[in-house]
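Spelled out from the first residue to the last, the chains are:
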Amino acid sequence: MDLAHTPEEEEFRARLREWLTKVLPSLPPKPSPDDWPARRAHDLGWQRMLHDAGYAGLHWPVDAGGRGATPTQHLIFLEETEKAGAPYVGANFVGLLHAGPTIAAEGTAAQRARWLPPVLRGEEVWCQGFSEPDAGSDLAALRTRARRDGDHYVVNGSKIWTSHAEVADWCEMLVRTDPDAPRHRGITWLAMPMDAPGITVRPLRTLAGSAEFAEVFLDDVRVPVANRVGDENDGWRVTMVTLSFERGTAFVGEVVACRRVLAELAVAARQNGRWDDPVLRRRLGRLNAEFRALWRLTQWNVSEAEASGGGTGGGGVPGVGGSVFKLRYSHARQELYDAAADVLGPDSLDLDRPWVLDRLSALSYTIAAGTSQIQRNIVAERILGLPKGR
């Protein structure tokens, strides 16, 4: 992989910087973390601005509504927007980073035409209905049932940790359509409208005090068969595509954010005298090396996905290398915010101080998007070729 930037890529960077400098001062203030309708409106407004400027779905295939940009252009976009302090995808993250790329790779032409443009234009929000109370890391143990009834599936069951369910228009939903099949072979991937009768959403409050997750209860919810992505009972394969995006590219922008936080920590340590501690300096230096290496791994994963073509729609599906990234990033992020607590000292207990809420949030990263134990199994079995554990 050639890490040098071409003149065209540097021109792309310059145009993006110019646009960000012009538009970011015009953005409204960020809403309260507890006001999810306002956060939805804020995040969709930013997405619409990206769309109108030609930056929405930058790396998506052209036939999926994207710009078909190169992996390097995509990474330049993530670098520059994070450095400029631009909004993150926020409530749009499932649609933009998980469901959208999956539909681009696996959906029919009609499905791509229906669901992808509203995501890119900032008109619809998606949530993810994968985990259940007894099927988290062991996702194949899910029990939410979908019974075929003519042109619809009738869905009954429950989901948990459903991101942004309270403000979502659609849910990427995993259901069991054949209870008698081996558990990995009886699952189907559906797009469920969140306004369908029979859906109850109950927000869940996290350790950090926010409520971006919810329980979702499903009581005879009717979902059109036309909303099925992939074949019936082939949902596990489609799910692996979704999880490849979730683990392989969905955290890319956060690596840039962590590198920025690390630089801010060094400044803060110099200001409050903590920089005199050689142990802390070595710790920050090692974290700097960690995140530089993670950024290089990100570049490799994104380039590999683009080179593979991925999926029936050429969606650039990341490979199992995403599990290597996710495993190491989850722990490096926790170590970063542990270091932040050392720099802040007693102020690390003040929830109004920078990085304190981020430290609480970081605790979930070794669980979210597949636990570290699951990632180690994937790395051992699929990359290193080790035998499966008993």
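Whatever comes next refers back to the structure up there.
Residues numbered from 1 in each chain as written. Predicted model: local features only at pLDDT ≥ 70, side-chain atom pairs only at ≥ 80, totals over all residues. Heavy atoms only, no water.

A.B. asks: Would you mind showing me how to read the overall build of the protein here?
C.D. replies: Broken down by element type, the protein carries eleven helices and eight strands. The buried share of the protein, taken over its 390 residues, is 51%. Looking at the protein alone, contacts between residues at least 24 apart form 72% of all its contacts between residues at least 6 apart. Just so you have it, the protein exposes about 17900 Å², and 53% of that area is on carbon and sulfur atoms. (Helix = DSSP H or I, 4+ residues; strand = E, 2+ residues; numbered from the N terminus. Buried < 20%, exposed > 50% of the residue type's maximum accessible area, 1.4 Å probe, protein only. Contact = heavy atoms within 4.5 Å. Areas by Shrake-Rupley, 256 points an atom, 1.4 Å probe, with all protein chains shown as cover.)

A.B. asks: Would you mind going over the nonpolar core with me for this structure?
C.D. replies: Looking at soluble globular proteins, one finds that nonpolar side chains tend to be buried together. F291 and L336 are the most contacted members of the largest nonpolar core, which has 41 residues in total. For this core, the secondary structure elements donating two or more residues are α1 (7-23), α2 (36-52), α3 (71-83), α7 (252-272), α8 (278-308) and α9 (321-344). Looking at which element gives the most residues to this core, the answer is α9, with nine residues. Once you skip the residues sitting within four places of it in the chain, F291 turns out to touch V255, C258, R259, Y329, A332, R333 and L336. (Core = buried A, V, L, I, M, F, W, Y, C linked by side-chain atoms within 4.5 Å.)

A.B. asks: Would you take a moment to explain α1 for this structure?
C.D. replies: Because an α-helix completes one turn every 3.6 residues, residues spaced three or four positions apart along the sequence face the same direction. Between its terminal C-alpha atoms α1 stretches 25 Å, which fits the 24 Å expected from 17 residues at 1.5 Å a residue. Those residues of α1 that fall on the buried side of the exposure criterion are E9, F12, R13, L16, W19, L20 and V23. Seen from one end, α1 has its buried residues packed into an arc of 130°, which puts them on one side. Facing away from the buried side of α1 by over 90 degrees, the exposed positions are P7, E18, T21 and K22. On the buried face of α1, the contacting elements are α2 and α3. (Expected span 1.5 Å × (residues − 1). Arc of directions from axis to C-beta.)

A.B. asks: Would you take a moment to explain α2 for this structure?
C.D. replies: The end-to-end C-alpha distance of α2 is 24 Å, a good match for the 24 Å that 17 residues give at a rise of 1.5 Å each. Those residues of α2 lying buried are W36, R40, H42, D43, L44, W46, Q47 and L50. Those residues of α2 hidden inside the fold are in contact with α1, α3, α4 (93-106) and α5 (109-121). The N-cap of α2, judged by a side-chain oxygen 3.2 Å from the amide nitrogen of A38 a few residues on, is D35. Positive backbone phi, approximately 85°, marks G54, located one or two places after α2. (Polar contact = N/O pair within 3.5 Å; in protein donor to acceptor, adjacent residues only side chain to side chain.)

A.B. asks: Would you mind showing me how to read the packing of aromatic side chains here?
C.D. replies: A ring pair, where both rings are aromatic, is described by two values, the distance of the centres and the angle of the planes. In the structure shown here, the tally under the stated rule is eight aromatic pairs. An angle of 35° between the planes, with centres 5.7 Å apart, marks the rings of W19 and W46 as tilted. Of the two residues, W19 sits in helix α1 while W46 sits in helix α2, which places them 27 residues apart along the sequence. For the pair shown, W19 and W46 are each scored as buried. In this structure an aromatic cluster arises from ring pairing among F12, W19, W46, Y55 and F77. Sitting over the ring of Y153, R148 keeps its end group 5.7 Å from the ring centre. (Phe/Tyr/Trp six-rings, centres within 6.5 Å; stacked < 30°, edge-to-face > 60°. Lys NZ or Arg CZ within 6 Å of the ring centre and 35° of its normal.)

A.B. asks: Just checking my understanding: could you explain the pattern of salt bridges for this structure?
C.D. replies: If the charged atoms of two oppositely charged side chains come close together, the side chains can form a pair. All chains considered together, the criterion is met by 25 salt bridges. Two residues, R13 and E10, come together in a salt bridge whose shortest N-O distance is 3.4 Å. Taken together, the positions of R13 and E10, both in helix α1 and three residues apart, correspond to about one turn of that helix. Linked by salt bridges that have partners in common, E10, R13, R17, E79 and E80 make up one network. (Salt bridge = Lys/Arg side-chain N within 4 Å of Asp/Glu carboxyl O.)

A.B. asks: I'm lost on the pairing of strand β4 (residues 170-176) in this one. Help?
C.D. replies: Put simply, side chains in a regular strand alternate between the two faces of the sheet. Burial of β4 is extensive: seven of the seven residues sit out of reach of the surface. Side-chain alternation along β4 places W170, E172, L174 and R176 on one buried face and C171, M173 and V175 on a second face that is also buried. Here four bridges tie strand β1 (residues 126-129) to β4, and the two strands are oriented parallel to one another. Note that in β4 the partner of Q128 across the bridge is E172. (Pairing = 2+ DSSP bridges.)

A.B. asks: Any chance you could explain a positive patch on the surface here in plain terms?
C.D. replies: On the surface, a cluster of positive charge is made up of K83, R259, R292 and R296. Summarising the element assignment, K83 is placed in helix α3. The exposure class of K83 is exposed, given its relative accessible area of 54%. (Patch = residues over 30% accessible without salt bridge, like charges linked within 9 Å, V, L, I, M, F, W, Y side chains within 5 Å. Lys, Arg positive; Asp, Glu negative; His and termini not counted. Charge placed at Lys NZ, Arg CZ, Asp CG, Glu CD.)

A.B. asks: What exactly am I supposed to notice about the side chain of T188 here?
C.D. replies: Relative to the elements of secondary structure, T188 occurs in strand β5 (residues 187-193). Classification of T188 as buried rests on a relative accessible area of 0%. Within the structure, T188 has its side chain in polar contact with the backbone nitrogen of N233 (distance 2.9 Å). In this view, T188 contacts M173, L174, V175, T177, R228, E232, N233 and G235; residues no more than four positions away in its chain are not counted.

None of the figures reported here should be taken as evidence of function without further support.
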